[in-house]
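Spelled out, the chains give:
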Amino acid sequence: MTTTIHVLQPVSMGRRVKNRIVQGLVWLAFAIAVVPLVSVIWLVVTNGLKRFDLEFLTHSMRNIGPRDAGGGAYHAILGTLEQVGLATLISVPIGLLTAIYLVEYGSGGRLARSISFFVDVMTGIPSVVAGLFVLAFWVLILGLGYSGFAGAIALSILMLPTVVRSAEEMLRLVPNELREASYALGVPKWKTIMRVVLPTAFTGIITGVMLAIARVAGETAPLLLTVFITDSINSDPFDGPQMGLPLYVFDQAQRPNITATDRAWTGALTLILIVMLLNLVARLISWWRAPAKGR
């Protein structure tokens, strides 16, 4: 019986030096990517905390002059939540059904390829183009006027390709063995998608939806063209102009006085906090609905 002994060769000095250099370059690239992000967050937080109080969150700008102190962004917060919520209700069902068709039924057909092509085209559409489309069709041609719902339509156009692509990738990651096991038990395809495929990909789909929401929550151009600007509270997104936090920041930032600038910084901070809160809620839902939890 012969025993073979393998002797580990020491790592050469040249390879160690190269490894250290590459590690240093990786950390340098990480710092270059993180420093601007941290600086922006730091700037928004330090300037936004000046007016971040209960009055700002519970009052509107009605009867508040350009140079007057006080006022708040309640009307803008309400408008943003309604507009983004409506855009999510429009884009998520359409995007999810499109992704299901591409993965489960398309099978590389001509229609599936056409849909994929147009989704790729929509990904690169500038936000102002979506706003101009809704302005021309909804506001001018149909004559339905400015409203929060018109802004939601423009935002849903921007959300749709992100929802489709993220959901499509998550559905493709579901192992085919799970589908085949369900088919072997005699379960119809539609029920397999509902009971097996979608629950397995649920966490990734939620993440994609949150990416789409974060992508449109700060859009200003489409809202400026479709929602317009108002200083009053309008809780009806289907009737009349309605404010949004991006519009609020834009409106206050262009006023040449320190009180309006402080309100603009606080509006930007509020928008960041809303997006972070929505992401936290999505994480909790994904954790609660994870397959390992059995729910």
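All figures in this text were calculated on a predicted structure; none of them were measured in a lab.

**Student:** Sorry if this is basic, but what is going on with the overall build of the protein chain here?
**Tutor:** If you tally the helices and strands in the protein chain, you get 11 helices and 0 strands. N-terminal to C-terminal, the α/β element order of the protein chain is α-α-α-α-α-α-α-α-α-α-α. Radius of gyration (C-alpha) of the protein chain: 25 Å, far over the 19 Å computed for a compact globule of 295 residues. By principal-axis analysis of the C-alpha atoms, the protein chain measures approximately 95 × 60 × 35 Å. Within the protein chain, buried positions represent 39% of all 295 residues. About 17200 Å² of surface is accessible on the protein chain, with carbon and sulfur atoms providing 70% of the total. Distance between charge centroids for the protein chain: 13 Å, based on 23 positive and 16 negative side chains.

**Student:** Could you clarify how one ought to interpret the side chain of Asn47 in this entry?
**Tutor:** Tracing the backbone shows Asn47 in helix H1 (residues 13–48). We classify Asn47 as buried; its relative accessible area is 17%. A polar atom in the side chain of Asn47 sits 2.7 Å from the backbone oxygen of Leu43.

**Student:** Explanation requested: the UniProt feature "transmembrane region" (unreviewed entry) in the protein chain in the structure shown.
**Tutor:** Mapped onto this structure's residue numbering, the UniProt feature "transmembrane region" (unreviewed entry) falls at residues 21–45, 84–103, 115–140, 146–164, 196–217 and 264–285. Structurally, residues 115–140 is divided into 88% helix and 0% strand, and its ends, taken at the C-alpha atoms, are 29 Å apart. What you have in residues 146–164 is 89% helix and 0% strand, and the ends, taken at the C-alpha atoms, are 28 Å apart.

**Student:** Before we go on, may I ask you to explain the nonpolar core in this structure?
**Tutor:** Nonpolar side chains in soluble globular proteins tend to be buried together. Val134, Leu171, Ile205, Leu245 and Tyr248 are the most contacted members of the largest nonpolar core, which has 51 residues in total. At the level of elements, helix H3 (74–106), helix H5 (127–141), helix H6 (148–172), helix H8 (189–217), helix H10 (245–253) and helix H11 (258–288) are the ones that each hand at least two residues to this core. The biggest single contributor to this core is H8, with 12 residues. Among the nonpolar cores identified, the runner-up in size contains 5 residues, and Leu102, Ala112, Val119 and Leu160 belong to it.

**Student:** Explain unusual backbone geometry here, please?
**Tutor:** Most peptide bonds adopt trans geometry, and most residues besides glycine take a negative phi value. One non-glycine residue, Asn63, lies in the positive phi region at around 65 degrees. Here Asn63 lies in the loop between helix H2 (54–58) and H3. In this structure Asn63 comes out as exposed when scored by relative accessible area, which is 73%. We note that Phe228 has phi near 70 degrees; this positive angle belongs to a residue other than glycine. As for its position among the elements, Phe228 is in the loop between helix H9 (221–226) and H10.

**Student:** Please explain the pattern of salt bridges as it appears in this structure.
**Tutor:** Any two side chains of opposite charge can pair if their charged atoms end up close together. One pass over the full model with this rule turns up 7 salt bridges. The salt bridge partner of Glu168 is Arg165, with a shortest N-O separation of 2.4 Å. With Glu168 and Arg165 both in helix H6 and 3 residues apart, this pair spans about one turn of that helix. Residue Glu168 is classed as buried on the basis of its relative accessible area, which comes to 5%. Across the pair Arg215 and Glu219 runs a salt bridge whose closest N-O atoms are separated by 2.7 Å. Assessed through its relative accessible area of 15%, Glu219 is described here as buried. Through salt bridges with shared partners, a single network forms among Asp120, Arg165, Glu168 and Arg172.

**Student:** Just checking my understanding: could you explain the environment of Ile125 for this structure?
**Tutor:** You can see Ile125 is positioned in the loop between helix H4 (110–123) and H5. Residues Ile125 and Pro256 lie 131 residues apart in sequence; the distance between their C-alpha atoms is 33 Å. For Ile125, the contacting residues outside a window of four places in its chain are Ala130, Leu158 and Arg215.

**Student:** Help me understand a nonpolar patch on the surface in this model?
**Tutor:** Among the surface-exposed residues, Met13, Val17, Ile21, Leu25, Leu28 and Ile32 lie close enough to one another that they form a single nonpolar patch of about 610 Å² accessible area. Counting through the fold element by element, Met13 comes out in helix H1.

**Student:** Looking at this structure, I do not really get the domain arrangement of the protein chain. What am I missing?
**Tutor:** In many analyses, interface size is given as the accessible surface area lost on bringing the parts together. Each domain of the protein chain was delimited in the assignment, giving domain 1 (13–50) and domain 2 (74–293). Between the C-alpha centres of domain 1 and domain 2 there is a distance of 31 Å. Contact residues are listed per partner, giving 7 residues for domain 1 and 6 residues for domain 2. A buried area of about 580 Å², summed over both sides, lies between domain 1 and domain 2, and 78% of it is on carbon and sulfur atoms. Remark: the boundary between domain 1 and domain 2 carries 0 salt bridges. Counting every contact that joins domain 1 to domain 2 gives 1 residue pair in polar contact (both at pLDDT 80 or more). Looking at the side of domain 1 that touches domain 2 residue by residue, the classes come out as 4 nonpolar, 2 polar and 1 charged.

Thresholds, definitions, all that
Residues numbered from 1 in each chain as written. Predicted model: local features only at pLDDT ≥ 70, side-chain atom pairs only at ≥ 80, totals over all residues. Heavy atoms only, no water. Helix = DSSP H or I, 4+ residues; strand = E, 2+ residues; numbered from the N terminus. Rg over C-alpha atoms; globule rule 2.2 N^0.38 Å. Buried < 20%, exposed > 50% of the residue type's maximum accessible area, 1.4 Å probe, protein only. Areas by Shrake-Rupley, 256 points an atom, 1.4 Å probe, with all protein chains shown as cover. Lys, Arg positive; Asp, Glu negative; His and termini not counted. Charge placed at Lys NZ, Arg CZ, Asp CG, Glu CD. Polar contact = N/O pair within 3.5 Å; in protein donor to acceptor, adjacent residues only side chain to side chain. UniProt positions renumbered as here; feature names shortened; annotations may be inferred. Core = buried A, V, L, I, M, F, W, Y, C linked by side-chain atoms within 4.5 Å. Salt bridge = Lys/Arg side-chain N within 4 Å of Asp/Glu carboxyl O. Contact = heavy atoms within 4.5 Å. Patch = residues over 30% accessible without salt bridge, like charges linked within 9 Å, V, L, I, M, F, W, Y side chains within 5 Å. Domains from an automatic or database assignment. Buried area = accessible area lost by both parts, 1.4 Å probe. Nonpolar A, V, L, I, M, F, W, Y, C, P; charged D, E, K, R; others polar.

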